[in-house]
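Per-entry structural report
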Amino acid sequence: MISKFAKSPCPPRDKLESLYNSGLTQKEIGELYDVCYQTVNSWMKKLKIQSRGIMHIVKAGSENPQWKGDKAGYAALHYRVSNLKGKPMSCEICGTHRKNKTYEWACIGDYKNMDDYKRMCRSCHRKYDKSHLAYTNKRKLFI
Ligand SMILES: [Zn+2]
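Residues numbered from 1 in each chain as written. Predicted model: local features only at pLDDT ≥ 70, side-chain atom pairs only at ≥ 80, totals over all residues.

Observations concerning the packing of helix α2 (residues 26–33) against helix α3 (residues 37–46)
Here α2 crosses α3 at 105°, and the two axes come no closer than 8 Å. Between α2 and α3, the crossing angle belongs to the class labelled roughly perpendicular. The residues of α3 that touch α2, namely those facing Gln26, Lys27, Ile29 and Gly30, are Tyr37, Thr39, Val40 and Asn41. Taken together, the residues of the contact of α2 with α3 sort by class into three nonpolar, four polar and one charged. (Axes fitted to C-alpha atoms, helices over the stretch in contact; angles between N-to-C directions. Helix = DSSP H or I, 4+ residues; strand = E, 2+ residues; numbered from the N terminus. Parallel < 35°, antiparallel > 145°, perpendicular 65-115°, else oblique. Contact = placed C-beta atoms within 7 Å. Nonpolar A, V, L, I, M, F, W, Y, C, P; charged D, E, K, R; others polar.)

If you want it as structure tokens, here you go:
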């Protein structure tokens, strides 16, 4: 690969444009010409070839580079349940589904098991957690 400080000969506009429009990325075109993608980007600017822009692809779950698997923290595990099962809109304990109440995913067993969560209103969630002595100790496991 040629250093980014060295001037590389620019390919003809129609050649570069057809490569880019065939779906190749600037990085892939750079590999063809043995230059870095910044060089391809500067060629395209010079030749006034419209870039597709930066692609933002958000990968979920284990596809995401920040996925921590079983090492995820307390909050991350609760977000994972919400993403998987949606936001709770009712309580499985008292049966309420009034709109002015706050509903949460309450863990009733293993934090890492997505099936061990129940929809609860905040009031029932607090009562549930207080009645299970290990609550504060469980939270400390994640801190
Ligand atoms: Zn409730």
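Description of α2
Those residues of α2 lying buried are Gln26, Ile29 and Gly30. For α2, the buried positions fall inside an angular range of 105° around the axis, keeping them on one side. Opposite the buried face of α2, at more than 90 degrees from it, the exposed residues are Lys27 and Leu32. Summarising the contacts, the buried residues of α2 are in contact with α1 (13–21) and α3. A positive phi of about 60° marks Asp34, the residue just after α2. (Buried ≥ 20, exposed ≤ 12 C-beta atoms within 10 Å, placed from the backbone. Arc of directions from axis to C-beta.)

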